[in-house]
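Remarks on the overall topology
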Amino acid sequence: MVLKSLCRAMAAAFLGGLLAVPALAQMPGPVKTEHPRLLASQSDIQQLRDSIMQGEFPSEGGSITVTFTSQLIKPADDAYAILFGAYEGPGGDRLFIRHVESASEATARFQAGMIRANGTAIGAMSFAAKPDANGNITVVFKWNKAAGTASASQNGNLLFSVSNNADVKAWSPKRNNFLFGPRIGEQIKFVEVQDAQGKSVHQASGIDYDLHGSLTSLYITADKMPGWLAACSSTDLTGAGVCNVATAGRNVLIETAKNLSLAYKLSDNPNHLTAAKAYADRVLKAPVSNGGEWSMSSRVGALGVLYDWLYLDLGPQAVAGDAARRSYNQVFADTIKATVASSVPEKDNLVDSTCGHGNTFSASRFDCEVEPVYENWSPASGKPSISALYLTGHNMSAVSGMAMGLLAIADTHTEVLPMLNTAYKHFQYGFVRAREQVSVDGGNHVGYGYNASGEVAERLHIWRKALATDSATEVLKADWLPKMIYPFIYGQRHDNTFPARGDVFTFNAGFGNLAALALSAAALGNDPVAMGYYQNQIKPVRQRSERIPLLWERMLYPATVAPAGVESLELARHFRTAGFVTMRDSWDFAQAAMLDFKSTSFISENHHHMDQNSFSLNYKAPLLLDAGQYDEYNTPHWWNYYTRTVAHNSILVFDKTEVFKSDKDALLSNDGGQSLGGRSRYPTLEQLKEGQSHWLQGVTAFENGDSYSYTAGNASRAYSANKLEQENGFLRHVLFLRDPARRYDAAKAKPIILVFDSVRTKNGLAATSLLQAANKPASNAGEADEGNGRTALAFADSAERRTTIRNGGGMVTVETLLPEQARVVRVGLNANESGQCRQAPLKDETAPVFSNDCRYLVQYPVGNGQFAWYNYPNDPSKVNVQKADAGGWRLEISPLTAPAAGQAQYFLNVLNVADNDGQSGPVNRSVARRLNRVNEATEAVLIQDRLMVLFNRGVAPVGAYGWTSASGYSEILATGLKKNAAYVCRRQSKDGVYVYKVEESADSAARNSSGEGVLSCTAQG
């Protein structure tokens, strides 16, 4: 009876044909037992195979018909381009059509051939293209292995024919031959594959060119892999590229395993299985502890993929030289378990990354000795946890790689389930919640480079595919995931790049990770705009090196939603918590002006910069930018300049008593900027919440209208409480004025942007406003050299302080209206200018030198309360940097005298964007001027003798503004008002001036301010 019940239970477990192993409490379902189950199922693979060629390739005999149009060679073309099939060895038995004409020939020439794996030609014939009346060329291959016959023809004319041929009888081509690579301009018109009985197994009127381009790259990689590996050192397991199995990361180890496995599953070519075996042999040579968690997790993930995808192919084979004569499946599983359990190297292994520092591994339970704390962890508790690393760091990568290996073997090695369950809980309570909290609208605090990882979607996909759940159960719910493409849609610049926020490497819309984000949004969110962005912006600029990922994207995210353009979107968007506000004047990416503002709702380190309340501006080139270069993590440039406030368009408050230090307690430069203070560098999710240690006020207002976008941020808590008032110490307002017609017409007027700051310091400290530029700012000021690459600018008229910055096709003129009495310093030198700056050491052991490189100047304490200017250059040997945003010039704007106690400091810069006029001096016209205020709360600015803009000089929402002007104007745009309150806008002529008021009123003519305290009105009277 018991046996019968057990059998019934086992039978019930075959959900959808899958026998699943028991689930522990936290996992929403058991681990499937079918292979493959990591990332994709056999059904998913079959769908991809069918999209390439339906049915099975007729290796034993049949025919292939290819109808195409030819294209003569162009300078960029390969002279011997393969139009169809596989030509290069080693590719197994193959057939092909390739170009063979020279550049001087007027007629296209081809070669059609059938070749054995050993290089013996069954038949190969060159021929001149002879199109039919419709301009088409039709080549037909026929073969019958049993009879030993083979032939090829062009438009019915025989090219070659053999019969009773021993080579044909030994010839068995595989699916890797069904491959197309036509030149640009050539068209594949018709394709048909028939089996030996003449039955059509595949017929199509064309091909998917992108798909076959990806397939070509995949097969070439698999074909060449054995040769590449044979050239690797047998003793040095580092080396370059695929040779490195000791210290490489997931982009080498896991991706290589994935691609070799996929190549074999799509091609059926035994050579590709041989390639996977050769790579597996090399990976297995690496000691389990090599490379620390970075490489350990990657090897575990790679072995998991090889185990899972090649379970019945490579898995049963015996490992050569293994004393116990174990199979690959057993060696893979044993190595995965040994790597997970390894306590070496100390503090840099998978136990430490999963269980928490100080925890150990329980061999008897295959789990952490002490279960780590997932939520509400306190360092003072002494309990192990990685919760401070849910937001950032390598732990998500480490746990993901480990989970791949354990999910692969969990059905036959159920002892690993406890550790697998621990990994799942880290996702459930930590990694997913961190992104849910920070990326609620899709944004990320680190900006664009490190937010562009399609791996996030892939890591969730791993669990969703490997666990057996019913349709009502959602594994690791992530409503935020389909939104992650939107910061990129809004942030795309004229050249397909993005603002240089956070640590950023060379990156643009053509990189594969972004494609994965867009397609996951289209597939998971059924989002037509995401699909349209992929089709219109990503695909046309996709890197050639990113061809293979397209196959994975097609399989993992098979989106069917019809594409839609971005034109229906609003021109500005706020990404909450992450704290980004992006404002545009057009969806014509090449012609649009775009400003991105950042005021994150928390402070942290890692790839997150000290850049709160900063902005950048782009129009046909970076104009005002995030300066510095991501030469490498933890370099002197990174610590002392690049990540610091001094490299951003924000505010400095220099306090000579303030001390900045690295995570190793090394003394750093004093830039006068933001800092963690006594806060931990890696906060828990609880510490990010309002009122907690790492919380910042962040973006406090956002509103978008047809003719403007407005935002405000509060970065007070990002600065030391010893120098800045913590509630209202640094308030920034940004108003982006646009001509609504420019949304559709690039010739219309470019935007005017107002940046208004109120700063409240302590101890009479002066604030400095920064503007970073790519090129030397031109001004209408006299100049005084102060040394150290610093030039004081003396403006004759404080109402006419103009500075123009030109770059590429764009320019911006900065009109500095506040402070009323200002000190303006230009920092930087051109290569041909005289001057010297002291260079900080590139490496700690390098002696300082002097040069005219003054791009990255910052003050460093030299003792006794004294400071010296040092330039912190980037490491020039690191070339994977976004050089367009490297900068090299900045403007420092500060009050002429230090403020009195309790006195606020005000800054107001008006930015006028225009096409580059090709001149060298400043633009000789102003677009803005201040108007006389009547009450202390009012800051009134007249824009283009038309629009009066109002900012709040105080900290509380305003009930009344008052100002005067010599002329009468009507249009008013007021910010800083009480929310949803009734106001009247009045104008009165009195004693030769016009007096204006915007004040609360119960009058029937009153209009309500918006929910963000903004009111657009016409002055009455």
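The structure presented is a predicted model; accordingly, all values stated were derived computationally and were not measured. (Residues numbered from 1 in each chain as written. Predicted model: local features only at pLDDT ≥ 70, side-chain atom pairs only at ≥ 80, totals over all residues. Heavy atoms only, no water.)

**Side note on the side chain of S217**
- Inspection of the secondary structure assignment puts S217 in helix α4 (residues 209–230).
- When sequence neighbours within four positions are dropped, the list of residues in contact with S217 reads R547 and I548. (Helix = DSSP H or I, 4+ residues; strand = E, 2+ residues; numbered from the N terminus. Contact = heavy atoms within 4.5 Å.)

**Looking at the sheet that holds strand β37 (residues 938–943)**
- Spatial ordering of the open sheet is given by β43-β41-β42-β39-β36-β37-β38-β40-β44, a layout of 9 strands whose pairing is mixed. Two strands close off the open sheet at either side, each with one partner strand: β43 (1007–1008) and β44 (1015–1018).
- Bridge analysis of strand β41 (residues 982–990) against β43 gives 2 bridges, and the strand direction is antiparallel. Looking at β43, one finds that A982 is bridged to N1008. (Pairing = 2+ DSSP bridges.)

**Quick word on empty space enclosed by the protein**
- Counted by the stated rule, this structure contains 7 cavities of 30 Å³ or more.
- Approximately 110 Å³ is the volume found for the largest cavity.
- Around the largest cavity sit R250, I254, E255, S397, S400, G401, M404, E455, E458, R459 and I462, which together line it.
- Among the elements of the structure, α5 (253–267), α10 (395–409) and α12 (455–466) are those that each provide at least two residues to the lining of the largest cavity.
- Each residue belonging to the lining of the largest cavity can be placed in one class, and the counts come to 3 nonpolar, 3 polar and 5 charged.
- For the second largest cavity, the calculated volume is near 40 Å³.
- Every residue along the wall of the second largest cavity is listed here: G443, N444, G447, Y448, P487, F575, F580 and T582.
- Of the residues belonging to the lining of the second largest cavity, the class tally is 4 nonpolar, 4 polar and no charged. (1 Å grid on protein atoms, 1.4 Å probe; cavity = no way out; pocket = protein on both sides within 12 Å on 5 of 7 lines; lining within 4 Å. Points joined across faces, edges and corners; volume = space filled by probe spheres on them. Nonpolar A, V, L, I, M, F, W, Y, C, P; charged D, E, K, R; others polar.)

**Overview of helix α6 (residues 270–285)**
- A rise of 1.5 Å per residue sets the reference length of α6, with its 16 residues, at 22 Å; its end C-alpha atoms lie 23 Å apart and thus fit the reference within 8%.
- Within the span of α6, buried status applies to H272, L273, A275, A276, Y279, A280, R282 and V283.
- Each element contacted by the buried residues of α6 is listed here: α4, α5, α7 (292–309) and α8 (328–341).
- Its side-chain oxygen at 3.0 Å from the backbone nitrogen of N271, N269 defines the N-terminal cap of α6. (Expected span 1.5 Å × (residues − 1). Buried < 20%, exposed > 50% of the residue type's maximum accessible area, 1.4 Å probe, protein only. Polar contact = N/O pair within 3.5 Å; in protein donor to acceptor, adjacent residues only side chain to side chain.)

**A short note on the packing of α4 against α5**
- Here α4 crosses α5 at 105°, and the two axes come no closer than 9 Å. By the angle class used here, α4 and α5 are roughly perpendicular. Mapping the contact onto sequence places L215, L218, Y219, A222 and M225 in α4 and T256, N259, L260, L262, A263, L266 and S267 in α5.
- Residues of the contact of α4 with α5, tallied by class, amount to 9 nonpolar, 3 polar and no charged. (Axes fitted to C-alpha atoms, helices over the stretch in contact; angles between N-to-C directions. Parallel < 35°, antiparallel > 145°, perpendicular 65-115°, else oblique.)

**Considerations on the environment of D334**
- With respect to the helices and strands, the residue D334 is situated in helix α8.
- It is 52 Å that separates the C-alpha atoms of D334 and F589, two residues lying 255 residues apart in sequence.
- A polar contact of 2.8 Å, which involves the side chain of D334, links it to the side chain of Q330.

**Side note on the domain arrangement of the protein**
- If you check the domain split of the protein, you get domain 1 (53–207), domain 2 (235–439), domain 3 (572–915) and domain 4 (931–1018).
- With 15 residues of domain 2 at the contact, the number on the domain 3 side is 13 residues.
- Interface area, domain 2 with domain 3, both sides summed: about 1100 Å², of which 64% is carbon and sulfur.
- The largest contributions to the domain 2 side of the interface with domain 3 come from L391, Q437 and V438, which together make up 48% of the buried area.
- There are 0 salt bridges connecting domain 2 and domain 3.
- Inspection of the domain 2/domain 3 interface yields 5 residue pairs in polar contact (both at pLDDT 80 or more).
- Taken together, the residues that form the side of domain 2 that touches domain 3 break down as 7 nonpolar, 6 polar and 2 charged. (Domains from an automatic or database assignment. Buried area = accessible area lost by both parts, 1.4 Å probe. Salt bridge = Lys/Arg side-chain N within 4 Å of Asp/Glu carboxyl O.)

**Looking at the UniProt feature "domain: Heparinase II/III-like C-terminal" (unreviewed entry) in the protein**
- The positions UniProt marks with the feature "domain: Heparinase II/III-like C-terminal" (unreviewed entry) are residues 572–659.
- As a span, residues 572–659 carries 8% helix and 31% strand, and end to end its C-alpha atoms are 38 Å apart. (UniProt positions renumbered as here; feature names shortened; annotations may be inferred.)

**Some points on the pattern of salt bridges**
- In total, this model carries 56 salt bridges according to the counting rule given.
- Close ionic contact of D268 with R49 constitutes a salt bridge, the shortest N to O distance being 3.0 Å. Separated by 219 residues along the polypeptide, D268 in the loop between α5 and α6 and R49 in helix α2 (residues 42–52) bring together distant segments of the chain.
- Overall, the relative accessible area of 28% leaves D268 in the partly exposed class.
- The residue D441 makes a salt bridge to R576 at a minimum N-O spacing of 2.7 Å. Linking D441 in the loop between α11 (417–438) and α12 with R576 in the loop between β13 (572–575) and β14 (580–584), this pair joins segments that are 135 residues apart in sequence.
- Relative accessible area serves as the criterion here: at 15%, D441 is assigned to the buried category.
- Exposure remark for R576: the relative accessible area of 43% places this residue in the partly exposed category.
- One continuous salt-bridge network, built from bridges that share partners, spans E820, R930, R933, E936, E939 and R953.

**With respect to the state of the cysteines**
- Inspection of every chain in the model, using the stated rule, returns 4 disulfides.
- In this model C232 forms its disulfide with C243; the gap between the sulfur atoms is 1.9 Å. Between C232 and C243, the S-S torsion sits near -80°, and that sign places the bridge as left-handed. One end of the pair, C232, is in the loop between α4 and α5; the other, C243, is in the loop between α4 and α5, with 11 residues separating them in the sequence. (Disulfide = S-S within 2.5 Å.)

**Some points on the packing of aromatic side chains**
- Taken as a whole and judged by the stated rule, the model has 43 aromatic pairs.
- One aromatic cluster in this structure is built from Y448, Y450, F488, F498, F505, F507, F511, F580, Y630 and Y642.
- Across from the ring centre of Y87, 4.1 Å away, lies the NZ or CZ of R98, which sits over that ring.
- The side chain of R953 reaches across the aromatic face of Y906, ending 3.9 Å from its centre. (Phe/Tyr/Trp six-rings, centres within 6.5 Å; stacked < 30°, edge-to-face > 60°. Lys NZ or Arg CZ within 6 Å of the ring centre and 35° of its normal.)

**A look at the nonpolar core**
- If you look at the biggest cluster of nonpolar residues, it comprises 177 residues, and the most contacted ones within it are W463 and I485.
- The residues contacting W463, other than those within four sequence positions of it, are M27, A403, L407, L420, A423, Y424, F427, V475 and L476.
- Membership of the second largest hydrophobic core comes to 47 residues, among which are F615, V653, F730 and V812. (Core = buried A, V, L, I, M, F, W, Y, C linked by side-chain atoms within 4.5 Å.)

**Remarks on helix α14 (residues 512–524)**
- Its 13 residues place the ends of α14 18 Å apart at the C-alpha level, agreeing with the 18 Å of an ideal helix rising 1.5 Å per residue.
- With 10 of its 13 residues buried, α14 lies for the most part within the structure.
- Turning to α14, its buried residues are G512, L514, A515, A516, L517, A518, L519, S520, A521 and A522.
- If you follow the buried residues of α14, they end up packed against α12, α13 (486–491), α15 (528–538) and α16 (547–556).

**Things to note about the pairing of strand β20 (residues 708–714)**
- Counting buried positions along β20 yields 7 of 7 residues, so the element is predominantly enclosed.
- Residues Y708, Y710, A712 and N714 line one face of β20 and the alternating positions S709, T711 and G713 line the opposite face, and both faces are buried.
- Across 6 bridges, the pairing between strand β19 (residues 698–704) and β20 is antiparallel. Bridging from a neighbouring strand, F702 pairs with T711 of β20.
- Joining the antiparallel neighbours β19 and β20 is a turn of 3 residues.
- Relative to strand β21 (residues 730–737), β20 runs antiparallel, the two sharing 7 bridges.

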